[in-house]
Amino acid sequence: MHVWYMYSMHDLPAYALFVGWCVHGRFPCPTCKAALEFRRLQAGGKFSCFDMHRQFLDPRHKFRKDKKNFIKGRVVKNSAPPALTGQQTLDQLNSLEPDPERPGYFKGYNSEHAWTHKTCLWDLPYFKDLLCPHNIDVMHTEKNVGEALFGTLFGIEGKTKDNPKARVDQQALCDRPLQNMRQPKGKKNWTKPKAWFNLGRPVMREILLWVKKELMFPDGYAANLKRGASLEKLKIFGLKSHDWHIWLERVMPVMLRGFIPEDEWLVLAELSYFFRVLCAKELSPGLLEELEELAPELICKLEKIFPPGFFNPMQHLILHLPTEARLGGPVQNRWCYSTERMQKTLREKCKNKRRVEASMAEAFITEEAANFVTAHYEAKNRHLHNPKPRYNAGDPKKGGSNLSLFKGKLAPAGAYTSLSLDVDEWRTITLYILNNLTEVRPYIE
Ligand SMILES: [Zn+2]
């Protein structure tokens with residue numbers, strides 16, 4: 001029986017260190033390992049996983065015979081090789097030999113495998129039995145997928161996956177003549193024809209105006225996106241990982257509807273749905289099985305509508321997320337939000353820059369000790385966790401009220417100003433008070 005002992009969780013570069021597998025180059029997926037060799041794009045010079053996901057589909061799936069929308073003329077009949085078990089991985093690691101010609105590398109590096117080292121985790125006797133020893137971080141996956149998507153749609157320099165080189169690579173691999181680079185007659189410069197994912201400037205302006213003027217979230221739900229939206233530069237500045245999470249799962253389908261063709265919108269909406277279900281608080285095994293079937297089909301659908309340059313390792317990792325959720329449970333226990341927030345707290349504690357770790361440890365221990373001690377204070381003694389009420393709740397002499405609705409520890413104690421209400425506001429407030437006041441309940445009943 002496989003029992004859960006431990007797992008590790010980190011962004012992709014740290015993942016590479018923990019697994020001992022290089023996540024750049026020809027075999028960048030640390031889960032598929034050497035079973036999935038990425039294709040090098042001639043013009044872009046990058047490795048892409050374009051048209052590598054049809055092998056993960058059902059053997060009778062219609063995409064497998066599609067000669068038009070993926071790599072032109074290619075039919076996929078093989079099924080994906082099964083993932084390596086822990087024991088097989090360990091055997092592979094043990095059989096590695098140092099390369100005499102390249103010191104520091106194993107024989108066959110970058111041609112047969114991408115092992116860089118054998119991590120000390122393999123010293124644990126149970127490590128080979130773990131079903132999911134390392135977790136792909138959903139937070140970073142969402143951020144990268146969201147960034148690539150937004151950058152491509154808004155044509156943001158440095159972020160867009162659609163440039164002349166990507167179009168040249170697309171021309172070499174795919175049958176999408178309308179999107180090929182064109183040289184107008186008698187002119188020197190080549191032009192990039194508009195594709196469905198190139199939003200026009202008026203459209204971008206309209207979308208950003210909507211973000212600025214109309215988009216609203218419940219309190220504490222998301223950061224204020226409108227602050228970063230710039231109508232001059234036509235992009236949104238300063239989005240953090242959590243903003244990408246919200247953008248991809250909630251904002252993106254609403255934002256794009258009507259501005260891009262319906263078929264393409266449906267694929268993006270499905271991508272949004274996929275992440276929304278995956279990041280849910282509760283997951284059912286049946287739903288995860290559905291997601292596991294949906295993931296390869298979803299990537300195939302993306303491959304049908306985006307150029308090969310769009311598909312870097314991050315877009316491939318979508319494939320493994322439902323499987324890891326089935327093995328490891330809901331993603332909120334296995335993503336980096338809490339870790340990164342804690343890192344921020346710890347970083348703020350660092351006062352002596354010459355002794356970073358010691359400075360953090362000392363501040364942390366002091367705080368823990370203070371927390372522990374204050375828990376044993378008498379209730380009348382005020383401290384950080386039992387603060388003096390700022391509002392005279394329950395004391396009518398000092399301006400407080402006996403009514404339950406007005407009792408609260410954290411109400412602000414500023415000077416009051418008088419305000420005239422209109423009829424609607426007065427009605428709303430009266431209704432709220434009557435509905436929420438426990439003292440009124442007996443009369444209603
Ligand atoms: Zn993979």
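Source: prediction; values computed, not measured. (Residues numbered from 1 in each chain as written. Predicted model: local features only at pLDDT ≥ 70, side-chain atom pairs only at ≥ 80, totals over all residues.)

### Brief notes about the domain arrangement of the protein
Phase 1: Annotation of the protein at the domain level lists domain 1 (8-134), domain 2 (138-183 + 190-333) and domain 3 (396-444).
Phase 2: Centre-to-centre separation of domain 2 and domain 3, based on C-alpha positions: 45 Å. (Domains from an automatic or database assignment.)

### Remarks on unusual backbone geometry
Phase 1: Backbone geometry at Asn110 places phi at a positive 75 degrees, although glycine is not the residue there.
Phase 2: Tracing the chain through its elements places Asn110 in the loop between α2 (86-94) and β4 (134-136).
Phase 3: Asn110 sits in the partly exposed class, given 14 other C-beta atoms within 10 Å.
Phase 4: The backbone of Leu234 sits at a positive phi, close to 55 degrees, despite the residue not being glycine.
Phase 5: Mapping Leu234 onto the fold places it in the loop between β5 (229-230) and β6 (235-236).
Phase 6: On the basis of neighbour count, Leu234 is assigned to the partly exposed category, with 17 C-beta atoms found within 10 Å. (Helix = DSSP H or I, 4+ residues; strand = E, 2+ residues; numbered from the N terminus. Buried ≥ 20, exposed ≤ 12 C-beta atoms within 10 Å, placed from the backbone.)

### Looking at the nonpolar core
Phase 1: Grouped together as the largest cluster of nonpolar side chains are 58 residues, with contacts concentrated most on Val138, Leu278 and Leu321.
Phase 2: When residues in this core are grouped by element, the largest group, 8 residues, is from helix α3 (residues 138-154).
Phase 3: Both domains that furnish three or more residues to this core are identified here as domain 1 (8-134) and domain 2 (138-183 + 190-333).
Phase 4: Not counting residues up to four positions away in its chain, the partners in contact with Leu278 are Val138, Leu291, Leu321, Pro322, Ala325 and Val331.
Phase 5: Counting 5 residues, the second-largest nonpolar core is a separate cluster that includes Leu208, Leu225, Ala229 and Ile236. (Core = buried A, V, L, I, M, F, W, Y, C linked by C-beta atoms within 7 Å. Contact = placed C-beta atoms within 7 Å.)

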